[in-house]
Structures are given as C-alpha cells and as structure tokens.
Amino acid sequence: VKLSVRDALRSHGALGERVKVQGWIRSTRSQKEVLFLHINDGSSLESLQVVADSSFDNRELTFGSSVEVQGQLVKSPAKRQNVELKAEKIEVIGNCDAKAFPIKYKEKHPLEYLRQYPHLRCRTNVLGSILRVRSEATAAIHSFFKDSGFVHIHTPIITSNDCEGAGELFCVEPLSKINVPKGKFFDVPAFLTVSGQLHLEVMAGAFTQVFTFGPTFRAENSQSRRHLAEFYMVEAEISFVETLQDLMQVMEELFKTTTTMILSNCPEDVELCHKYIDPGQKDRLEHMLKNNFLTISYTEAVEILKQASQNFTFTPEWGADLQTEHEKYLVQHCGNIPVFIINYPRALKPFYMRDNEDGPQHTVAAVDLLVPGVGELFGGSLREERYHFLEQQLARSGLTEAYQWYLDLRQFGSVPHGGFGMGFERYLQCILGIANIKDVIPFPRFTHSCLL
Ligand code: 4AD
Ligand code: MG
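Remember, it's a predicted structure, so these values are computed and weren't measured experimentally.

## With respect to the overall build of the protein
When its secondary structure is counted, the protein shows 12 helices and 16 strands. Considering only C-alpha atoms, the protein reaches an extent of 85 × 60 × 40 Å along its principal axes. Counting all 452 residues of the protein, 39% fall into the buried class. Residue pairs at least 24 apart in sequence account for 68% of intrachain contacts in the protein once pairs closer than 6 positions are excluded.

## Examining the packing of helix α3 (residues 125-147) against helix α5 (residues 244-265)
Packing of α3 against α5 leaves a shortest axis separation of 9 Å and a crossing angle of 130°. By the angle between their axes, α3 is oblique relative to α5. Crossing hand, α3 versus α5: right-handed. Across from Val133, Glu136, Ala137, Ala140, Ile141 and Phe144 in α3, the residues of α5 making contact are Leu254, Thr257, Thr258, Met261, Ile262 and Asn265. A breakdown of the residues in the contact of α3 with α5 according to their chemical character gives eight nonpolar, three polar and one charged.

## A closer look at the site of ligand 1
Not every one of the 22 residues close to ligand 1 is listed here, only the nearest: Ser195, Gln197, Gly379, Gly421 and Gly423. Counting residues per element, the ones that place at least two in the shell around ligand 1 are β11 (230-239), β15 (375-382), β16 (417-423) and α12 (424-432). The dominant element in the shell around ligand 1, judged by the number of residues it contributes, is β15, at five residues.

## Things to note about the sheet that holds β16
Taking strand neighbours across the sheet as the criterion, the eight strands line up as β7-β10-β11-β16-β15-β14-β13-β12 in an open arrangement whose pairing is mixed. Single-partner strands in this sheet number two, and they are β7 (151-152) and β12 (294-297).

So, how was this worked out
Residues numbered from 1 in each chain as written. Chains lettered and ligands numbered in written order. Predicted model: local features only at pLDDT ≥ 70, side-chain atom pairs only at ≥ 80, totals over all residues. Helix = DSSP H or I, 4+ residues; strand = E, 2+ residues; numbered from the N terminus. Buried ≥ 20, exposed ≤ 12 C-beta atoms within 10 Å, placed from the backbone. Contact = placed C-beta atoms within 7 Å. Axes fitted to C-alpha atoms, helices over the stretch in contact; angles between N-to-C directions. Parallel < 35°, antiparallel > 145°, perpendicular 65-115°, else oblique. Left-handed = near helix turned anticlockwise from the far one by under 90°. Nonpolar A, V, L, I, M, F, W, Y, C, P; charged D, E, K, R; others polar. Near = placed C-beta within 6 Å. Pairing = 2+ DSSP bridges.

And the structure:
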C-alpha cells in the first residue's frame, strides 16, 4: 500500500506491513552500518525516518532529492517517533544537487532569505507549517460560518464598482489583439474587486446571513509589512442587525472559534511557527483568546492618543485617520487585548456606512478591530439602509447613477444590516506572530514584485 508520511507515522495498526512512501529527503545521516533518511511529503511537519542498511548506495540520496521508498513499517527504538520505515528498496525519482539548492541542510534560514525563493521555500519546515496552518484556517473559517448558518456566496472577481471609493483599483482590459475596441469588452470600465461587500449586501437581502472568502486586489503603493496587492478577505454580511455590538460579537466569535479550531487541528505546526519566530507568541495568543475584546470609540481613542502625543510622528487629531503607530499604541494601552474602535468621523469612511445622526461631530457606525502585532485586522459597519439618507450620500459622492441598483435595495424590502471584512493574511500574522505579510501567502504580490 502507498501511504503519505502522515499516515505512515500514525499507522500503529499497519506495523509490520509492507508499504510505499514518496517524498523529499529532509536529512541524511550515516552511521557505521546504517543510513538514516528523513522523508517529508508535506502531509505533516514530522518527517518519516527511513532506515537503510549499508547495501544501499547513498551517493544519490542527497538532501532535497525526491524518492520512493518501499519497505516495512516497524516500531522505532528512537524516542522521538513511534514508527520508522525499514527500507527494502529506495528509488531516486529526481536528484538534487544539494550544493546548488538554495535551501541548506540543517540551516535555520531567516524568512527574508526564503522570500527570494517562492518556488522552493515551501520545502522548508517553517513555510510548510505556515501554509498548512493557512489551509486549516481556511477550512476552519468555512466551518465556523457553516455552523452559524451562513450561506457561502461567490462574489465576482471582476466588477464595475469601487466599493471602498479609495481609487485603489486595478483595471481589467483584454489584450489588444482580441477583436474588441479598447474599453468595449464590458462596455463599462471593469476592475479587480477591492471588496465583495456590495454583492454580499445584495445576497443578505435574500439569505439573511452570507459570507464570502476570496482574493481581493488593491493597487496600494505600499511596501509595508501588512499590505499586499493581492490578499484574501473573509467578508460577512448580516440582515436584521441593528447594533454594532451584534456585529462585533460575530467578529470576536469568528476570531476565537477559528483560532481554537486551528490550535486543536494542527498544534505542531502552530508551535513550530511560534518557536521559529518568537516563543512569546504562544502566551500572547492565549491572552487574546481568554480575554473579552475591548471597545472604545474613535473619539475616546483620539483622547488617549493626545495624552501620549509626544510618542508619535503624526500628531493625533479628531478627524484624522489613525496611523499605524497610533494603532500600535492603542493596542498596548489596552493591555494587548484586541480592541474595537467604533463610530468614526463620516469624512474618513466610505459612502455606504450608516449615519449616527449625532450632530456636529457627524460620525458613522463603523468598527475596526485592532490586534497586537498587526493593527487593523477587521473593518466593518452598519450599512445605510434608509433610502433618503443613502440617496443623499450617493449624491454627495457623485455616485447616484452608478449605484442605482444599490439604492434599489433600499426601496424593495430594505432591512437594517451590517457586515465586516477580515484580512486573512493579517489574521495569520496575528495568530502566528509573523511580522511580514509576505511570509503567510504562498506567492506574494506587491509593488514592484510579481515573482512567478
Ligand atoms: O477595512 P477594509 O478596507 O474593509 C472593506 O473592504 C469592507 N468593504 C469590508 C466589509 O465590510 N465587507 O478591509 C478589510 C480588511 C482590513 O481590516 C485588513 O485586515 C485587510 O482587509 N486589508 C488588507 N490586507 C492585506 N493587504 C491589503 N492591502 C489590505 N487592505 C485591507
Ligand atoms: Mg479598513
């Protein structure tokens, strides 16, 4: 039988059986009469120990080569593992010149070094763990929403709207050799989506609770540790929601339930990331999970920042956006517990947010969640469901014509509703303690870089 490394390591029942295992050599060690190999196929962090006697020619069995090993699964005398594979036949499928291979045996490569090799770094333990956690997290998020009764919606990648109104759009145009005049393929300017929210609002008007989880694109000219040009966003939209607190509860549950699921489904991978990057991260994460998230208003946040303004490059001021340094300070101020900032000035936020009608201050029912190490992880709001308020807001933003369909939703069975988006890569950064967003996505895209 053919087994993955993971199944071989777990197959207590199959002891004594003859099996076939395929993978890449992660380590080789010769002793007098025996050769030890460790084979990994990405199915688990742990590699399978293969024991070969001196009749095997070990010259081709180099670090990085792909091999197929046939033999008997036996109980291992070694402490670190239960099972090992006693080799009867080892076939090298593709050899690897270990000298030329950028990944070196037994070396703890810094993540910055590995970033140069997006096509090879996935063969290291650390990227293996990060990407398996990413896969588990994807499944956990889907299962959270499914268990909570949400319907999954595929929102479009190509769209004619700029949901956030920030002008960070990538245009979609066919190659000129296609027989359609420029700008005429869709007859309207088309872009890669910056958010599926408006499409989700349509669907929340029929399914009540919906979510989407897909790639999102922003032409942000930023080389920061938390921005990508292509990232994944988890977005939810809920009808019949009247308060920000109801939304915040779902956000907190999403964070905590998903994280708990990941910790129970792939503890070794999470542990490796924490140890590789920062051993203190384990406690920081536990701290986030066991405390209730906090809430402060934007106005209170600005007051807190003003008290500490000598610490900042950007002077905190009511009406101005919170800078990264401000977010960082606020999270520390809150004892490194995630904190919701609510009720932002109208002028800072997109047209769709619900007006708080609070006089001269003029705030909207917006909420951002700030988390340790990352800053803004979620952005969300109540949506303006009142026809006349929205009509005015669209007129102010010069969007009346393009968003007629959106206004329609407020005419035909409108309901109070709201939703949020969570940056998936930032979520992974937050739980694993990874400083740079480029290390939690298989193929990062950012300004001046589209490798592979
Ligand atoms: O705050 P944002 O812009 O919110 C929206 O797009 C809403 N329409 C979502 C909604 O309510 N359905 O983006 C949401 C989150 C941010 O909090 C951040 O975590 C992440 O998406 N994000 C990015 N992540 C990586 N790279 C970028 N360039 C990002 N821009 C936003
Ligand atoms: Mg935001």
